[in-house]
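For reference, the chains in residue letters:
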Amino acid sequence: MTDTSFPMGLPSRYERPSALAFLVYAAAIVIVLWSFAGAGFSIDKVISSPPRFADFIDRAFPPNLDPKVLARLGWKMLETLQIALAGAVIGIILSVPIALLAARGLIAPTWINQIVRTGLGFIRAVPDIAWALVFVVAVGLGPFAGMLAIAIDTIGFCGRFFADDMEAADKGPSESLTATGARKLDVVACATIPAAMPAFISTSLFATEKAVRSSTILGLVGAGGIGIELKVGFDLFDYPTAMTVILMIAVVVISIEYLSGWARTKIIGEQR
Amino acid sequence: MSVRCIRTQATRSSTISLVTELSVETLVAPARPDQTGAEISAPVLPVDLRVTGLAKSFAGTPIFKDVSFGLSRGEAVAIVGANGTGKSTLLRCLMGLIPADAGAINVLGTDVRNSSSAGLRAMRAQMGLVSQKHNLVPRLSVLSNVVQGLLGQRPGIRHWSQSFAPIASREAALAALEKVGLAHLANRRADRLSGGQSQRVAIARALVGQPKILIADEPTASLDPAAGEDVMDLFFDLARQEGVTVIFISHNIDHALQYGDRVLGLAEGGMPLDSRASSLSAQELRGLYD
């Protein structure tokens, strides 16, 4: 390659940022440093924490493997999974009609799409633990409050993503059915939902994983599940039992993730 | 270059009611010479479709304007033109799937631009669409896809799937599949068909409701030449058996001349060509793509 091929020479490898871009980068760095200060970031504490962490590990190990404790924790773990599954299933089912109202250009006018999407945004903005506190007040302590919290949290997640999935679904089959004179609801049921089904399944499996993770801590606020055992373990300095709970949660959550991944591959992977 | 001509066509299916016959206008074709100089007879034929002064633009960019033509009962019309001249847009305007900017469209007695949603649905229930990408619902069975072709005439949950459909609808769908030679694949998932099979199922879905007008948007574009020929032969055999009016888009000039009674050409924002296929040569049509 000779210079005569490019009379103007090769373009520079890096573009010089504009003055505005430079200001934006500088502002972003200042905001991050300001956030570190607000979060109480301390190098001293980072340096001094390993010995304290090692002390906790020393006191927590070996985990409490007393059969009676394991049996009690096992039942609580089962209750946790029941809360997660029941809440996720109710949430996923209710999300479908809500998503139909939220999806633009399907069955509802734009102003209804906006209202429903705003409502879903509000649901997502409130953390699941806060929903659990609300439902503990509404229906009392116990797993039912946890299940409701998981259900509403799942609606916020799945409602939004189901709506996006339907909006992004292949429009071809819908147009062909519309061209036969089919009604909007028939077109959605016969073309849009089947086209979005692989995405629905994937989103639902993620929602179930999320529900299992969330349900393990709902017990901290009295909404059932194994979280209460974790809180009691730490409150009573019974670190071996707390460690057992942490390990059980880790094993269950990782197993659910693997199971979900396997199911996703089996169900969606068969698509051609 | 515009030469209008009406071909005498065999009378259409006896299933058309008298009410429908009375609801459509009739076209008295003027006796005038075509491009070859031969005088065309002036039969009185019912007109299934009449477009006058149609215009459409997207985001201020005109696609076409002042497009006018009519289709008489049983005619097969090819629409040709280069990419971006608005062929598919024109078909979508005819079905009321997208709004036109100006002009009038009358399809089977329905004023498309001023009709209610219910009126448009009733009109579309008498039409069938075959698309370039076949547009089957991939996860459903072949039979369910064809049963859904009846949704315009029989709306509701019973026609969402062949599993819920009444026996008469299942039989009609299977008969349509038999016509395209795929009854033996009724239970196969639509996404497990070859391209040619998939397009045949799309034809069965379009025909199951016994439409009066069939619209095909580049039906062979995604098929290899042999499969494309098969599909076109089948499509026009069935359309002529049923006496259906056909409008099809094709980039294949041979197809336009072989299967169309008339050829409409879109170019430069208008429709400079409206002529009998028999009076056109492939060379003349290629001129539209220059």
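All values reported here derive from a predicted model rather than from experimental measurement. (Residues numbered from 1 in each chain as written. Chains lettered and ligands numbered in written order. Predicted model: local features only at pLDDT ≥ 70, side-chain atom pairs only at ≥ 80, totals over all residues. Heavy atoms only, no water.)

Q: Looking at this structure, how should I read the pairing of strand 8 (residues 213-217) of chain B?
A: Looking along a regular strand, one sees side chains alternate from face to face of the sheet. All names here are of chain B. Of all 5 residues that make up strand 8, 5 are buried, and the element is covered over most of its length. Residues Ile-213, Ile-215 and Asp-217 line one face of strand 8 and the alternating positions Leu-214 and Ala-216 line the opposite face, and both faces are buried. As defined by bridge partners, strand 7 (residues 127-130) adjoins strand 8 across 4 bridges and the pair is classed as parallel. By the bridge assignment for strand 8, Val-130 is matched with Ala-216. The pairing of strand 8 with strand 9 (residues 245-249) spans 5 bridges and is parallel. Each residue of the ladder has a partner; that of Ile-215, found in strand 9, is Ile-247. Read as a crossover between parallel neighbours, the route from strand 8 over helix 7 (residues 225-242) to strand 9 is right-handed. (Buried < 20%, exposed > 50% of the residue type's maximum accessible area, 1.4 Å probe, protein only. Helix = DSSP H or I, 4+ residues; strand = E, 2+ residues; numbered from the N terminus. Pairing = 2+ DSSP bridges. Right-handed = clockwise from strand over helix to strand, strands pointing away.)

Q: I tried to follow the nonpolar core on my own but got confused; where do I start?
A: Nonpolar side chains in soluble globular proteins tend to end up buried together. By size, the foremost hydrophobic cluster in this structure holds 51 residues, and its most contacted members are Leu-177, Ile-203 and Leu-285 of chain B. Sorting elements by how many residues they give to this core places helix 7 of chain B first, with 8 residues. Those residues within four positions of Ile-203 of chain B in sequence are excluded, and the remaining contacts are Val-130, Val-180, Val-231, Leu-234, Phe-235 and Leu-238 of chain B. Judged by nonpolar contacts, the second largest core, of 48 residues, contains Ile-150, Ala-163, Ile-226 and Ala-242 of chain A. (Core = buried A, V, L, I, M, F, W, Y, C linked by side-chain atoms within 4.5 Å. Contact = heavy atoms within 4.5 Å.)

Q: Can you walk me through the sheet that holds strand 11 (residues 270-276) of chain B in this structure?
A: Pairing between sheet strands relies on hydrogen bonds along the backbone, with the strands arranged either parallel or antiparallel. Residues and elements named next belong to chain B. Strand order in the open sheet formed by 6 strands is 7-8-9-4-10-11, with mixed pairing between adjacent strands. On the outer flanks of this sheet lie strand 7 and strand 11, each paired with one strand and no other. Taken over all neighbouring pairs, the strand axes of this sheet differ in orientation by 15° on average, direction set aside. On the sheet, helix 6 (residues 195-207) packs against strand 7 and strand 8 and is oriented at approximately 170° with respect to strand 7. Together, strand 4 (76-81), strand 7, strand 8 and strand 9 form the strand contacts of helix 7, whose direction differs from that of strand 9 by roughly 155°. (Axes fitted to C-alpha atoms, helices over the stretch in contact; angles between N-to-C directions.)

Q: Mind showing me how you'd approach the side chain of Asn-135 of chain B here?
A: Note on placement: Asn-135 of chain B falls in the loop between strand 7 and helix 4 (142-147). Of the polar contacts made by the side chain of Asn-135 of chain B, one reaches the side chain of Ser-131 of chain B; its length is 3.2 Å. Discounting chain neighbours no more than four positions away, the residues touching Asn-135 of chain B are Gly-172, Pro-173 and Ser-176 of chain A together with Arg-205 of chain B. (Polar contact = N/O pair within 3.5 Å; in protein donor to acceptor, adjacent residues only side chain to side chain.)

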